[in-house]
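Single-letter residue listing:
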Amino acid sequence: MLSVIIPAYNEEQNISLAAKTLSELLKNEKIPYEIIFVDDGSRDKTYLEICKASQADENVKGVSFSRNFGKESAIFAGLEEADGDCAVVFDCDLQFPPVKIVEMYRLWEKGFEVVEGIKSDRGGGSAMYNMFAKSFYKIISRFVGVDMQSTSDFKLVDRKVIDALISLPERNTFFRALSFWSGFNSTQIEFKVEKRANGRSKWNLTKLTKYAVSNITSFTTAPLQAVTVIGAILLCFMAILAVQTLVRYLCGSSAEGFTTVILLLLLIGGSLMMALGVIGYYIARIYEEVKGRPRYIVSKRIGKSDKK
Ligand code: UDP
Ligand code: MG
């Protein structure tokens, strides 16, 4: 069976459309399926719509979070709920072409354990957004060792991968990179990002920045090492300056260095603060992980499930 995981945050207009489109498609293709809607603490009637969809089609089930935990948590909740032999993550706004699910499923039947959906182009977005996204992916790519530039959350994973991912102990997860990291037998298919079906994108610059920073820090300790490198560079710079100052002092032409002193103080003070900030951020992450709070809290659930 194929489990389709759909995170939904304030998507009341899209639920029934997504459920209908997918069930028609999968029934036509004779693929056994279940659709799992994960209501990420929506403030609109999303959960009501999920209930309606579930009553209309017994293959649709849903869980609802007690508050907004973010898309990553929603994906993991979906993976944990999934009863299928493979699962695919799909966006509620139908930005991923549904027919590609069938293509992915066929590849899975051939024995691939991960089928990555690769964007053949980024669907719109402002220049600023694209630049931001690009540098974010560059950083992540370097540390995963895979080009993440055009990856998406649209991917199919085998039961083995699902079990491996949900057994990960960490709270801060990054599904997109973790499927690469898990290293199973994978293949890729290209797809074109469609226009959003209804409503607006749930992301804004603040949310995106938080998302990027949290994913970079949960995946790599590079910023910590960067602090050391910056420190070393500054130290060299200062050593040169010290020698120069000493020589000039001995020659009796010591510089009137008030400006220099202020500049150096600012430079050192600034870089120290930044370094402390970076370290502090990682300590915060350790603190969060050590607390070991659940990734999400389910408040409501609907539809049949073999496990519960
Ligand atoms: N989403 C979510 N929780 C959030 C934000 C978004 O579950 O906090 C879901 C949303 O309902 C949608 C998917 O994640 O199904 C992608 O969101 P969106 O379309 O807003 O992002 P974009 O396509 O612009 O990257
Ligand atoms: Mg979208």
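Report on the accompanying structure. Predicted model, so just to flag it, every value in this text is computed and none were measured. (Residues numbered from 1 in each chain as written. Chains lettered and ligands numbered in written order. Predicted model: local features only at pLDDT ≥ 70, side-chain atom pairs only at ≥ 80, totals over all residues. Heavy atoms only, no water.)

1. Here's the deal with the site of ligand 1
- In the vicinity of ligand 1 lie 17 residues, with E11, D40, D93, Q95 and K202 positioned nearest.
- Y9 places a main-chain nitrogen or oxygen 2.8 Å from an oxygen atom of ligand 1.
- C92 is positioned with one of its backbone polar atoms (N or O) 3.0 Å from an oxygen atom of ligand 1.
- Coverage of ligand 1 by the protein amounts to 91% of the 530 Å² it exposes when considered alone.
- Of the residues in the shell around ligand 1, the class split is five nonpolar, four polar and eight charged. (Near = heavy atom within 4 Å. Polar contact = N/O pair within 3.5 Å; in protein donor to acceptor, adjacent residues only side chain to side chain. Areas by Shrake-Rupley, 256 points an atom, 1.4 Å probe, with all protein chains shown as cover. Nonpolar A, V, L, I, M, F, W, Y, C, P; charged D, E, K, R; others polar.)

2. Regarding a nonpolar patch on the surface
- On the surface, F258, I262, L263 and L266 cluster together into a nonpolar patch covering about 460 Å² of accessible area.
- Of note, L266 is situated in helix α10 (residues 258-291). (Patch = residues over 30% accessible without salt bridge, like charges linked within 9 Å, V, L, I, M, F, W, Y side chains within 5 Å. Salt bridge = Lys/Arg side-chain N within 4 Å of Asp/Glu carboxyl O. Helix = DSSP H or I, 4+ residues; strand = E, 2+ residues; numbered from the N terminus.)

3. Regarding the side chain of E72
- You can see E72 is positioned in helix α3 (residues 71-81).
- The side chain of E72 sits in the buried core without any salt bridge; R176 is the nearest counter-charge, 6.0 Å away.
- In this structure the side chain of E72 is engaged in a polar contact, spanning 2.8 Å, whose partner is the backbone nitrogen of F175.
- Apart from residues no more than four positions distant in its own chain, E72 is found in contact with T173, F174, F175 and Y211. (Buried < 20%, exposed > 50% of the residue type's maximum accessible area, 1.4 Å probe, protein only. Lys, Arg positive; Asp, Glu negative; His and termini not counted. Contact = heavy atoms within 4.5 Å.)

4. Some points on the sheet that holds strand β5 (residues 114-119)
- Read from one edge to the other, the open sheet built from eight strands follows the order β7-β5-β6-β4-β1-β2-β3-β8, with strand pairing classed as mixed. Across the chains shown, the open sheet's two edge strands, defined by having one partner strand only, are β7 (186-191) and β8 (298-302). In this sheet, adjacent strand axes meet at a mean angle of 20 degrees when their direction is disregarded.
- Bridge analysis of strand β2 (residues 33-39) against strand β3 (residues 60-65) gives five bridges, and the strand direction is parallel. Opposite D39, over in β3, you have S64 as the bridge partner.
- Most of the contacts of helix α6 (residues 159-166) go to strand β6 (residues 151-158), to which it runs at about 110 degrees, and overall it touches β4 (86-89), β5 and β6. (Pairing = 2+ DSSP bridges. Axes fitted to C-alpha atoms, helices over the stretch in contact; angles between N-to-C directions.)

5. What about the nonpolar core?
- Formed by 38 residues in total, the largest nonpolar core has its most connected members in L2, V4, F37 and F90.
- When contributions to this core are tallied by element, the ones reaching two or more residues are β1 (2-8), α1 (15-28), β2, α2 (46-56), β4, α4 (99-109), β6 and β7.
- If sequence neighbours within four positions are ignored, F90 has contacts with V4, I5, I6, P7, L22, F96, P97, P98, I101 and F154. (Core = buried A, V, L, I, M, F, W, Y, C linked by side-chain atoms within 4.5 Å.)

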